[in-house]
2 protein chains.
Amino acid sequence: MDVEKIIKTEKEIPLKSRTIIHFMLLYAKINEKISTMLKPFEVSLQQFNVLRILRGQNGKAANLSTLNERMVTKMSNTTRLVDKLLLKGYVHRQTCPTNRRKIEITITELGNRQLEQMDRAMKDAEDTILQNLSHKELEQLNVLFNKF
Amino acid sequence: MDVEKIIKTEKEIPLKSRTIIHFMLLYAKINEKISTMLKPFEVSLQQFNVLRILRGQNGKAANLSTLNERMVTKMSNTTRLVDKLLLKGYVHRQTCPTNRRKIEITITELGNRQLEQMDRAMKDAEDTILQNLSHKELEQLNVLFNKF
DNA sequence: GAACAATAATTGTATATACAAATATATGTT
DNA sequence: AACATATATTTGTATATACAATTATTGTTC
């Protein structure tokens, strides 16, 4: 982790700036590892998250607004994101019969099976990324993250 | 910060997964604040970083490979990224006279002036993002980040 | 010094993401 | 019922990013 990589001045970098830059570099690193891990499944991190949200519904359908609300990114993507999962046969979509504006999304059997495999790969990625942090340090990190 | 937002299961989320998800949500939050802050200047975070790297050169030119090496993202973008800064008049580009494969990039007067304003806005953004963290907590965070 | 490899940057293409506008359906008001 | 308003999703467009292929120049080797 080389913070000096981005900013290199004669002056020392203030603690706050250093923290933010550090965070950004770390993000790039983590994101790369996770993308690599998801590559064999041909899904993006976002698509993976949608599948996880759908599984969390325990069989209940989720409409696009619900998915969008739970996700980090914005609405306009959700339609196209689900389109891609649909193409792979990981989800099923149906217009809500009581309110035809709504679209109900459910995860398919295939989606669930693939997701289980992704889970295992994800666990490996997490272990790699966090291998140098102890249980106590991870807890510290979560406490600090909660303050943001 | 709501980790349950992405994964919602009957089981408790393991500490490592929780940490990664937490991190991702935090990234989205921070990234949004920084983008908002940069919006008036019509530059992306990447473009801002290029300008900071160039300033760090203290007048010396940087070629595209150097910029790329210092940045988080990949080469292919660097050309187009610099193109945009060029359009705004923030940088100057010139073929290296001794090695005509290389392109030398320098920051312009205008670029420097704008960058100073961005610095101020960035400082405000950092203060907002990190307002709930004490000096000690920031130091803790940096120590933990270094372990990744 | 011709042929090949290495380096530096650019371009093409596909996909991802952000923002705004448009469409379709439902609800509330007079 | 006609109208405006709200809700849910989709589409268009511009920009961002990733990966591979291409071009231009330089360096190396026989």
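Note that the coordinates shown come from a computational prediction; the quantities given were computed from them, not determined experimentally. (Residues numbered from 1 in each chain as written. Chains lettered and ligands numbered in written order. Predicted model: local features only at pLDDT ≥ 70, side-chain atom pairs only at ≥ 80, totals over all residues. Heavy atoms only, no water.)

Q: For the protein's contact with DNA strand D, give the residues involved together with the corresponding values.
A: As a structural note, the neighbourhood of DNA strand D is formed by 23 residues, with Leu 64, Ser 65, Arg 80 and Arg 93 of chain A together with Lys 84 of chain B the closest of them. Sugar plus phosphate, as a fraction of atoms of DNA strand D within 4 Å of the protein: 63%. Take Lys 84 of chain B: an N or O atom from its side chain is 2.7 Å from a phosphate oxygen of DNA strand D. Separating a phosphate oxygen of DNA strand D from a side-chain N or O atom of Arg 100 of chain B is a distance of 3.0 Å. If you list the elements that add at least two residues to the surface near DNA strand D, you get helix H3 (64–70) and helix H4 (75–87) of chain A together with helix H2 (45–56) and helix H4 (75–87) of chain B. (Near = heavy atom within 4 Å. Polar contact = N/O pair within 3.5 Å; in protein donor to acceptor, adjacent residues only side chain to side chain. Helix = DSSP H or I, 4+ residues; strand = E, 2+ residues; numbered from the N terminus.)

Q: Lay out the relation of the copies chain A and chain B with the relevant residues and their values.
A: Superposition of the two copies of the chain requires a rotation about an axis together with a shift along that axis. The transform that puts chain A on chain B rotates by 180 degrees and translates by 0.0 Å along the axis, for an RMSD of 0.0 Å. Such a combination of rotation and displacement between the chain copies is what one expects of a two-fold axis. Looking at the interface residues of chain A, 100% of them are also at the interface in chain B, so both copies use one shared face. (Least-squares fit on C-alpha atoms with pLDDT ≥ 70 in both. Contact = heavy atoms within 4.5 Å.)

Q: Tell me about the packing of helix H6 (residues 135–146) of chain A against helix H6 (residues 135–146) of chain B, and please be specific about residues and values.
A: It is at 10 Å that the axes of H6 of chain A and H6 of chain B come closest, and there the two elements cross at 135 degrees. As summarised for this structure, H6 of chain A and H6 of chain B are arranged oblique, according to the angle between their axes. Crossing hand, H6 of chain A versus H6 of chain B: left-handed. Contacts between H6 of chain A and H6 of chain B involve Glu 137, Gln 140, Leu 141, Leu 144 and Phe 145 of chain A on the former and, on the latter, Glu 137, Gln 140, Leu 141, Leu 144 and Phe 145 of chain B. Its residues assigned to classes, the contact of H6 of chain A with H6 of chain B shows six nonpolar, two polar and two charged. (Axes fitted to C-alpha atoms, helices over the stretch in contact; angles between N-to-C directions. Parallel < 35°, antiparallel > 145°, perpendicular 65-115°, else oblique. Left-handed = near helix turned anticlockwise from the far one by under 90°. Nonpolar A, V, L, I, M, F, W, Y, C, P; charged D, E, K, R; others polar.)

Q: Summarise the sheet that holds strand S2 (residues 91–95) of chain B; cite the residues concerned and give the values.
A: Residues and elements named next belong to chain B. Across the sheet, which stays open at both edges, the three strands sit in the order S1-S3-S2 with antiparallel pairing between neighbours. Each edge of the open sheet carries a strand with a single partner, namely strand S1 (62–63) and S2. Its contacts with the sheet put H4 on S2 and strand S3 (103–107), and the angle it makes with S2 is roughly 120 degrees. (Pairing = 2+ DSSP bridges.)

Q: Explain the pattern of salt bridges to me, and be specific about the residues and the numbers.
A: Pairing is possible between side chains that carry opposite charge, provided their charged atoms lie close to one another. Enumeration according to the criterion identifies 10 salt bridges over all chains in this entry. Residue Arg 55 of chain A is joined to Asp 119 of chain A by a salt bridge in which the shortest nitrogen-to-oxygen separation is 2.6 Å. Taken as a pair, Arg 55 of chain A in helix H2 (residues 45–56) and Asp 119 of chain A in helix H5 (residues 109–129) lie far apart in primary sequence, 64 residues in all. For Asp 119 of chain A, a relative accessible area of 24% corresponds to the partly exposed category. Residues joined by salt bridges that share partners form a network here, namely Lys 16 of chain A together with Lys 123 and Asp 127 of chain B. (Salt bridge = Lys/Arg side-chain N within 4 Å of Asp/Glu carboxyl O. Buried < 20%, exposed > 50% of the residue type's maximum accessible area, 1.4 Å probe, protein only.)

Q: Help me get a handle on the sheet that holds strand S3 (residues 103–107) of chain A, residues and values and all.
A: All names here are of chain A. What the three strands build is an open sheet, ordered S1-S3-S2; its pairing is antiparallel. The open sheet terminates on both sides in strands that have one partner only, identified here as strand S1 (62–63) and strand S2 (91–95). When S2 meets S3, the two strands line up antiparallel, connected through five bridges. Across the sheet, residue Thr 95 finds its bridge partner in S3, namely Ile 103. Here H2 sits on the sheet and contacts S1, S2 and S3; the angle it forms with S3, its principal contact strand, is near 90 degrees.

Q: Quick rundown of the interface of chain A and chain B? Include the residues and the values.
A: A common way to state how big an interface is: give the accessible area lost once the parts meet. With 53 residues of chain A in contact, the opposing surface of chain B contributes 53 residues. Regarding the contact of chain A and chain B, the summed buried area is about 5700 Å², with carbon and sulfur atoms giving 69% of it. The interface formed by chain A and chain B holds four salt bridges in total. The residue Lys 16 of chain B makes a salt bridge to Asp 127 of chain A at a minimum N-O spacing of 3.0 Å. For the interface between chain A and chain B, the tally reads 14 residue pairs in polar contact (both at pLDDT 80 or more). Mapped by element, the contributors of at least two residues to the side of chain A that touches chain B are helix H1 (15–38), H2, H3, H5 and H6 of chain A. When the residues that make up the side of chain A that touches chain B are grouped by side-chain class, the tally is 27 nonpolar, 12 polar and 14 charged. (Buried area = accessible area lost by both parts, 1.4 Å probe.)

Q: An account of the pairing of S3 of chain B is requested, with residue identities and associated values reported.
A: Residue and element names in this part refer to chain B. By the alternation rule, side chains of S3 split into Ile 103, Ile 105 and Ile 107, which are all buried, and Glu 104 and Thr 106, of which none is buried. Relative to S3, S1 is paired through two bridges, and the arrangement is antiparallel. Pairing of Ala 62 across the sheet is with Ile 105, part of S3.

Q: Give a detailed account of the protein's contact with DNA strand C, specifying residues and quantitative values.
A: Ser 76 of chain A together with Leu 64, Ser 65, Arg 80 and Arg 93 of chain B are the nearest of the 23 residues found near DNA strand C. Restricting the count to atoms of DNA strand C within 4 Å of the protein gives a sugar and phosphate share of 63%. Side-chain polar atom of Arg 100 of chain A to a phosphate oxygen of DNA strand C: 3.1 Å apart, as the coordinates give it. Between DNA strand C and Arg 101 of chain A, the relevant distance is 3.4 Å, taken from a base oxygen to a side-chain nitrogen or oxygen of the residue. Where the surface near DNA strand C is concerned, the elements lending two or more residues are H2 and H4 of chain A together with helix H3 (64–70) and H4 of chain B. Classifying every residue of the surface near DNA strand C by side-chain character gives three nonpolar, 10 polar and 10 charged.

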